[in-house]
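# Examination of the molecular architecture
Below, each chain spelled out in residue letters.
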Amino acid sequence: MGSGITQVAATAGLETLLFDADPGMVSKAKQGHSDTMKKLVEKGKVTRESADKVLASISYAKHPSEFSECDFVIEAIVENLDFKQKLFNDIEKIVDEDCILATNTSSLSVTSIASVCNQPSRVIGIHFFNPAPLMPLVEIVKGLATSTEIAIRTKEMIVGLGKAPVLAKDTPGFIVNRIARPFYGESIRIFEEGISDFATIDWAMKENGFKMGPFELMDLIGNDINYTVTETVWSQLFFDPRYKPSLTQKRLFEAKRFGRKSGQGYYSYAPGSIMPEPKKDSALAEKMFMRVLAMLINEAADALFFGIATRDDIDMAMTKGVNYPKGLLKWCDEIGSDKILAQLNELKEEYAEDRYRPSVLLSRMVKEKKKFYA
């Protein structure tokens with residue numbers, strides 16, 4: 001991620017400095033930047049002159065002290081609060097007092113990270129999506145102490161990088177990683193109940209507009225990352241059953257079956273492996289799709305209800321951050337909030353689990369016969 005953000009900044013014409021505590025990772029990033037620019041030139045996406053200019057804008061630091069003259073520092077290390085707090089505490093002693101300190105955390109509290117700093121007002125979250133050079137969305141997250149001036153400067157910088165910023169409250173998972181949990185969790189639940197298999201569930205979601213199914217997407221993201229985010233959001237939201245992790249994914253995580261990068265996940269990626277064929281039952285596909293979609297829309301409605309983000313930012317986040325075919329709130333209007341609420345109530349009645357409780361906002365919309373988009 002750090003390497004990708006570096007490429008984005010350099011491509012936008014900014015003088016960029018990259019550091020990693022592991023010198024081998026710095027060397028890997030440098031070679032990766034060179035290889036990427038070479039491929040872009042070969043494909044005719046950029047000129048050789050432009051590619052050389054981007055590469056010349058990137059310097060590779062050997063020590064954090066080299067950040068002393070930076071105006072903006074972005075941290076993209078492992079998702080561990082203790083590690084991030086130590087890093088921010090150290091970096092703050094190096095940079096100028098006007099330097100903005102940003103974390104690329106995907107699920108940890110920006111407020112908690114900033115709490116170790118003498119100037120927590122200059123700490124902000126800017127969550128890029130992977131791969132950073134290709135994905136347009138960036139979530140901007142103000143911590144409790146983040147100043148409005150820092151937020152404005154950060155948004156201007158993100159727009160200058162050619163990205164699409166959305167503003168999110170400092171809550172677990174922010175917008176995308178909170179709202180998207182049912183895409184994975186409810187799909188796994190469908191499998192665990194014996195309703196269908198991985199390939200068929202993936203097919204069902206793709207038949208209804210999603211570019212990737214949940215299981216192939218988890219294998220692409222990495223089950224180590226996806227499981228950790230789910231567990232983090234669940235625990236930070238005081239073990240709300242809506243976000244409860246699954247034993248199925250936990251076992252894959254424990255077995256180091258992370259997906260594509262390990263050669264095995266929900267599917268096998270070993271040489272010669274053949275992807276299983278789905279059972280193309282349209283009625284079953286529709287039933288599974290509506291179950292997952294209702295859960296996703298319910299999360300989007302709750303995010304709006306609790307002021308995590310605006311209506312437009314929620315819908316843009318899901319289309320530009322995880323490539324959903326439509327904004328979830330707009331999708332709800334098209335289908336009808338009454339149908340979504342009926343699906344949720346049916347699940348809640350059948351399972352008697354708080355996992356399926358409808359959003360207060362969604363219930364009000366149905367009662368008052370309102371739409372998210374008037």
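Quick summary incoming for the structure in this document. Predicted model only: the values in this text are computed from it and were never measured.

What the protein contains, in helices and strands, is 17 helices and 7 strands. Here the C-alpha radius of gyration of the protein, 22 Å, is about what a compact globule of 374 residues would show, namely 21 Å. If one aligns the C-alpha atoms of the protein with their principal axes, the spans along those axes are about 60 × 50 × 40 Å. Residues classed as buried in the protein amount to 48% of the 374 residues present. Surface accessibility of the protein: about 18,100 Å² in total, with carbon and sulfur atoms responsible for 54%. Taken together, the 48 basic and 51 acidic charged side chains of the protein have centroids lying 3 Å from each other.

Another point: unusual backbone geometry. Here the amide bond leading from Asn 130 into Pro 131 is cis, since omega sits at 0°, within 30 degrees of zero. Inspection of the secondary structure puts Pro 131 in the loop between β5 (123–128) and β6 (137–142). Unlike most non-glycine residues, Asn 323 shows phi in positive territory, near 60°. Note on placement: Asn 323 falls in the loop between α14 (311–321) and α15 (328–335). You will see that Lys 369, though not glycine, has its phi angle at about 55°, which is positive. Residue classification places Lys 369 among the exposed residues on the basis of a relative accessible area of 78%.

The contact between helix α2 (residues 23–42) and helix α3 (residues 48–56) brings their axes to 9 Å, and the two run at 165°. Classified by the angle between their axes, α2 and α3 sit roughly antiparallel to one another. The crossing of α2 and α3 is right-handed. Each of His 33, Ser 34, Met 37, Lys 38 and Val 41 in α2 lies in contact with α3, whose residues at this interface are Arg 48, Ala 51, Val 54 and Leu 55. Its residues assigned to classes, the contact of α2 with α3 shows 5 nonpolar, 2 polar and 2 charged.

Now for the side chain of Asp 240. Within the secondary structure, Asp 240 is located in the loop between α11 (223–236) and α12 (247–254). The residues touching Asp 240, leaving out its near neighbours within four places in the chain, are Trp 234 and Arg 357.

In this model helix α8 (residues 181–192) runs 16 Å from its N-terminal to its C-terminal C-alpha over 12 residues, within 8% of the 16 Å that 1.5 Å per residue would give. With 9 of 12 residues buried, α8 is to be regarded as a mostly interior element.

Now for a negative patch on the surface. A cluster of acidic residues, Asp 71, Asp 96, Glu 97 and Asp 98, forms a negative patch on the protein surface. Along the chain, the position of Asp 96 falls in the loop between α4 (81–92) and β4 (100–103). What makes Asp 96 partly exposed here is its relative accessible area of 41%.

As a further point, take the nonpolar core. Ranked by internal contacts, the top residues of the largest apolar core, which has 75 residues, are Ile 175, Phe 183, Leu 328, Ile 340 and Phe 372. For this core, the element with the highest residue contribution is helix α13 (residues 282–305), accounting for 13 residues. With residues up to four places along the chain from it excluded, the contact list for Phe 183 reads Met 205, Phe 210, Met 212, Gly 213, Pro 214, Leu 217, Val 292, Leu 296 and Tyr 324.

The next point concerns the environment of Met 212. Within the fold, Met 212 resides in the loop between α9 (198–207) and α10 (214–221). It is 15 Å that separates the C-alpha atoms of Met 212 and Glu 277, two residues lying 65 residues apart in sequence. Residue contacts for Met 212: discarding those within four places in its chain leaves Phe 183, Lys 206, Leu 217 and Leu 220.

Once that is clear, we can look at the packing of aromatic side chains. Within a pair of aromatic rings, the relevant descriptors are the distance that separates the centres and the angle that separates the planes. Using the criterion set out here, one finds 16 aromatic pairs in the structure. Ring centres of Phe 183 and Phe 210 lie 5.0 Å apart, and the angle between their planes is 35°; on these two criteria the pair is classed as tilted. In this pair, Phe 183 sits in helix α8 while Phe 210 sits in the loop between α9 and α10, placing the two residues 27 residues apart along the sequence. For Phe 183, a relative accessible area of 1% translates into the label buried. Between Phe 183 and Tyr 324, the aromatic rings sit 5.8 Å apart at their centres with planes inclined by 50°, giving tilted as the arrangement.

Mapped onto the fold, Phe 289 is located in helix α13. A relative accessible area of 5% places Phe 289 in the buried class. Put simply, Phe 289 and Lys 53 are 236 residues apart on the chain and 47 Å apart in space, counted from C-alpha to C-alpha. Discounting residues that sit within four places of it in the chain, Phe 289 has contacts with Met 205, Asn 208, Phe 210 and Trp 331.

Let us now look at α9. Within α9, 8 of the 10 residues are buried, which leaves the element mostly enclosed by the surrounding structure. The complete set of buried residues in α9 reads Phe 198, Ala 199, Thr 200, Ile 201, Asp 202, Trp 203, Ala 204 and Met 205. If you follow the buried residues of α9, they end up packed against α8, α10 and α13. Regarding α9, its N-cap is Asp 197, as a side-chain oxygen of that residue lies 3.2 Å from the backbone nitrogen of Ala 199 further along. Looking one or two residues past α9, Gly 209 carries a phi angle of roughly 110°, positive in sign.

Glancing now at a nonpolar patch on the surface. A grouping of Ile 77, Val 78 and Phe 83 is seen on the molecular surface, where their side chains present a nonpolar patch of about 280 Å² in accessible area. With respect to the element layout, Phe 83 can be found in helix α4.

Rules used throughout
- Residues numbered from 1 in each chain as written.
- Predicted model: local features only at pLDDT ≥ 70, side-chain atom pairs only at ≥ 80, totals over all residues.
- Heavy atoms only, no water.
- Helix = DSSP H or I, 4+ residues; strand = E, 2+ residues; numbered from the N terminus.
- Rg over C-alpha atoms; globule rule 2.2 N^0.38 Å.
- Buried < 20%, exposed > 50% of the residue type's maximum accessible area, 1.4 Å probe, protein only.
- Areas by Shrake-Rupley, 256 points an atom, 1.4 Å probe, with all protein chains shown as cover.
- Lys, Arg positive; Asp, Glu negative; His and termini not counted.
- Charge placed at Lys NZ, Arg CZ, Asp CG, Glu CD.
- Axes fitted to C-alpha atoms, helices over the stretch in contact; angles between N-to-C directions.
- Parallel < 35°, antiparallel > 145°, perpendicular 65-115°, else oblique.
- Left-handed = near helix turned anticlockwise from the far one by under 90°.
- Contact = heavy atoms within 4.5 Å.
- Nonpolar A, V, L, I, M, F, W, Y, C, P; charged D, E, K, R; others polar.
- Expected span 1.5 Å × (residues − 1).
- Patch = residues over 30% accessible without salt bridge, like charges linked within 9 Å, V, L, I, M, F, W, Y side chains within 5 Å.
- Salt bridge = Lys/Arg side-chain N within 4 Å of Asp/Glu carboxyl O.
- Core = buried A, V, L, I, M, F, W, Y, C linked by side-chain atoms within 4.5 Å.
- Phe/Tyr/Trp six-rings, centres within 6.5 Å; stacked < 30°, edge-to-face > 60°.
- Polar contact = N/O pair within 3.5 Å; in protein donor to acceptor, adjacent residues only side chain to side chain.

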